[in-house]
Amino acid sequence: MVATPDLEVRALAKRFATHLAVDDLSFSVARGSFFSILGPSGCGKTTLLRMIAGFIQPDHGDIAIGGRSMARVAPNRRPVNMVFQQLALFPMMSVAQNVAFGLARRGVGRAERMRRAEAMLERVGLGGAGGKRTDELSGGQRQRVAIARSMILEPTLLLLDEPLGALDLKLREHMKIELKQLQSAFGTTFVYITHDQSEALVLSDHVGVMNRGRFEQLGTPQELYYAPATPFVAGFVGDNNRLVGKALAVDGTLVELATRGGWVVRARRKGAITAGMAVEAFIRPEATLLGRTSADLPAGQIAHAGEVISLLFDGANSAVLLRELQSHVEFRIALPQTGAYADLQAGARICFSFDPQRAICFPAPDARA
Amino acid sequence: MPVPETPATAVGYRRLVLGLLLAPALLWLFALIILPHLDLALLSFRERVAPREYVASLAHYRTFFGEPLYWHVFVRTAMLSALATALTLLVAFPIAWTIAKLARGRMSALLFVVCLIPFWVSETVRTLGWMILLRESGVLPALLVHLGLTAQPVELLYHDATILVGLVYTSLLFMVVPLVGSLESLDNSLIEAAYDLGGKGWSILRAIVIPHAAPGITAGCIVVFMLTLGNYLTPTLLGGKNSQWFTEQIYTQFITRFNWEQGAAFGFLLLALSTAMVWLGLKISGQRFSDVMRRA
């Protein structure tokens, strides 16, 4: 028997004037999992989240939380709580009063709710901070208060609306790990929306990649990264080199394509492609090997040649940006961790190759439509 | 941020400019407010014992405390002013909420203009307008007869309720403006968060909205209370002989009885009352005067 999913969305749609924000969306989120909705701004993810929370009424479709339909259930009666983008802590209350707010609304007595608020603060590592004002806390602490304030009501579902967006980079990295730990400690289902693919990949069990009101793909972070279903996902999740061109020949699972400048590469076929079709190929920077000469590259792979534009040093994420010699297409290649090639200079000639199975070729979106 | 050192001459120059810019305001403050009040203070503390002969005395203040009529009018004015302030707050809050939170863009500006329009007409004309509506032969009593609600036209003027209506009407804008300011600065996501956490209309209003808007509410109440307490025209015209507003007592002393000393003493008592009430209001609402005045 499969447990009832904590969240089930069926054929959900919402239109604002002429703009279709959420377009016939269906998915479900398993109990206790961390689910992210990843998409660029304006893709409809906030509308989706606000419909789940109950702040927006859908035009069509249904939302069921814990197996119960939420149609005509007001936000303050749903077993759902939300962590807002700017956290929305109540500045007129102490930290403990913030956390106890929901209990007070449920009619829990003052002594009891203060005791439970203190216990909850203890759980998120803020024991003893109950008497402080919210503006005395650091960004990370404020986030933990926001989560504690929601979690004290033991919701079936916790919605998080880009809560890390306002933090600086260093803290954001730290809070990512902390969020994941909090989620597994509470065991509550988290639905998290973000435009940051790294947050989605690190945190989630499953990710829905959203674009123009629809899910382009729904899968584990690994599936999204290694087996993108659409050109949009390939381009949006992780770094990728995008080559636009025409299919020259199709050989089983492999496509040979030529870019506009005449650069010929081979990539794994995804979807129906015939010779002559407009296609898009994606090759990950780390799927590519570098060589000083073509002899350094694995035999059997096509050797390509390029001229270095610049070296992008970023510790373990260092890469070299080069221009393919024939087509002048820009191409990004991850530098090996060994430190080899760290001495590359702009203007240097270099060879590179990749396994065509690790490159992926889609019919161009326009051709598909 | 480190402040760059400024040469002494530049500091002197800046002070001069600041002084010149403030000069009209300071002059106005001194000539029209401080000077007359000093003179009134002196007046209130002297007693005429013979023609052109005066001695320092507290007689006029003693008269106030000794004469029940003055006392009665004084307390009544304070109570009705407080009531008018509370009513103004009740009426202004939904208006301010609509302007600040519900209406968008041009609609919000339009609503503001609607609140402002009555002030394009002089207060006298506005109050006379009320009289045309409310007097026994006026529009509203005729309407009541026409609708069969009253057999005879009733006199709607010269009641306490009429005075209150007039005062609320006159004061509305001065309450709406600071309220809109303080409500606009309230982040909508706070209200949503409170709602999300199980709050309902009233509990959110009490726990989130009112504490946030408290400086604006206090500012509005202080301004309206002061305006109402010192209002002369509206109580006199709408309340007639029954109005018994303290400003009328002051007017009577100065103009009718030509007893400037007594009028001055009354004026200072009114000033003391208004100061005490403002102080009390700040204490009760837990606000600081400087924060509140920034909102006003």
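Parameters and conventions
- Counting restarts for each chain: residues are numbered from 1 in the order of the written sequence.
- Written order decides the labels, with chains lettered from A and ligands numbered from 1.
- For this predicted model, a pLDDT threshold of at least 70 governs which residues receive local features, and a threshold of 80 or more governs which side-chain atom pairs are given and counted, while totals over whole chains, interfaces and linings are taken from all residues.
- In DSSP terms, a helix is any run of H or I states spanning at least four residues, a strand is any run of E spanning at least two, and both are numbered starting from the N terminus.
- A residue is called partly exposed when the number of other C-beta atoms within 10 Å of its own lies between 12 and 20, exposed at 12 or fewer, and buried at 20 or more, with C-beta atoms placed from the backbone.
- The contact criterion used here is simple: two residues whose C-beta atoms, placed from the backbone, lie within 7 Å are in contact.
- Any two strands between which DSSP finds at least two bridges are classified as paired.
- Lines fitted to C-alpha atoms define the axes, with helix axes restricted to the stretch in contact, and inter-axis angles between N-to-C directions lie between 0 and 180 degrees.
- Each residue is assigned to one class: nonpolar for Ala, Val, Leu, Ile, Met, Phe, Trp, Tyr, Cys and Pro, charged for Asp, Glu, Lys and Arg, and polar for all the others, Gly among them.
- The term nonpolar core means buried Ala, Val, Leu, Ile, Met, Phe, Trp, Tyr and Cys residues held together as one set by C-beta atoms within 7 Å.
- Throughout the structure description, domain borders are defined by an automatic or database domain assignment.

Q: Can you help me understand the overall build of chain B in this one?
A: A tally of regular secondary structure across chain B gives 13 helices and 2 strands. Principal-axis analysis of the C-alpha atoms places the extent of chain B at approximately 80 × 75 × 35 Å. Across the 296 residues of chain B, 29% fall into the buried class. Sequence separation of 24 or more characterises 70% of the internal contacts of chain B that already satisfy a separation of 6 or more.

Q: Any chance you could explain the sheet that holds strand β11 (residues 241-251) of chain A here in plain terms?
A: In a beta sheet, neighbouring strands pair by backbone hydrogen bonds and run either parallel or antiparallel. On the basis of which strands lie adjacent, the closed barrel formed by 5 strands has the order β11-β12-β13-β20-β14 (chain A) and mixed pairing. Ignoring strand direction, the axes of neighbouring strands in this sheet form an average angle of 50 degrees.

Q: Any chance you could explain the environment of Ile350 of chain A here in plain terms?
A: Residue and element names in this part refer to chain A. Relative to the assigned elements, Ile350 resides in strand β19 (residues 349-354). Residue Ile350 is classed as buried on the basis of its C-beta count, with 20 C-beta atoms lying within 10 Å. The sequence separation of Ile350 and Ala148 amounts to 202 residues, and the corresponding C-alpha distance is 54 Å. Once you skip the residues sitting within four places of it in the chain, Ile350 turns out to touch Leu290, Arg292, Gly306, Val308, Leu322 and Leu344.

Q: Please clarify how the interface of chain B and chain A should be interpreted in this entry.
A: Put simply, an interface is often sized by how much accessible area is lost when its parts join up. The interface of chain B with chain A comprises 15 residues on the first partner and 17 residues on the second. When residues of the side of chain B that touches chain A are traced back to their parent elements, those giving at least two are α8 (188-196) and α9 (201-229) of chain B. A per-class count over the side of chain B that touches chain A returns 6 nonpolar, 5 polar and 4 charged.

Q: Hey, could you run me through the nonpolar core in this one?
A: In terms of nonpolar packing, the biggest core is built from 137 residues, with Ile52, Val99, Leu121, Leu159, Ala281 and Cys361 of chain A together with Leu179 of chain B touching the most fellow members. Here this core gets 13 residues from one element, more than from any other, and that element is helix α7 (residues 160-184) of chain B. For this core, the two domains that each supply at least three residues are domain 1 (7-232) and domain 2 (239-368) of chain A. Those residues in contact with Ile52 of chain A that lie beyond four places of it in its chain are Leu7, Ile63, Val80, Leu159 and Val191 of chain A. Residues Phe246, Ala264, Ala265 and Leu269 of chain B belong to the second largest nonpolar core, which totals 7 residues.

Q: Help me understand the pairing of strand β14 (residues 278-283) of chain A in this model?
A: Successive side chains on a regular strand alternate, one facing one side of the sheet and the next facing the other. Residues and elements named next belong to chain A. Counting buried positions along β14 yields 5 of 6 residues, so the element is predominantly enclosed. Pairing geometry for β14 and strand β20 (residues 359-363), over 5 bridges, is antiparallel. Residue pairing for β20: Phe282 is matched across the bridge by Ile360.

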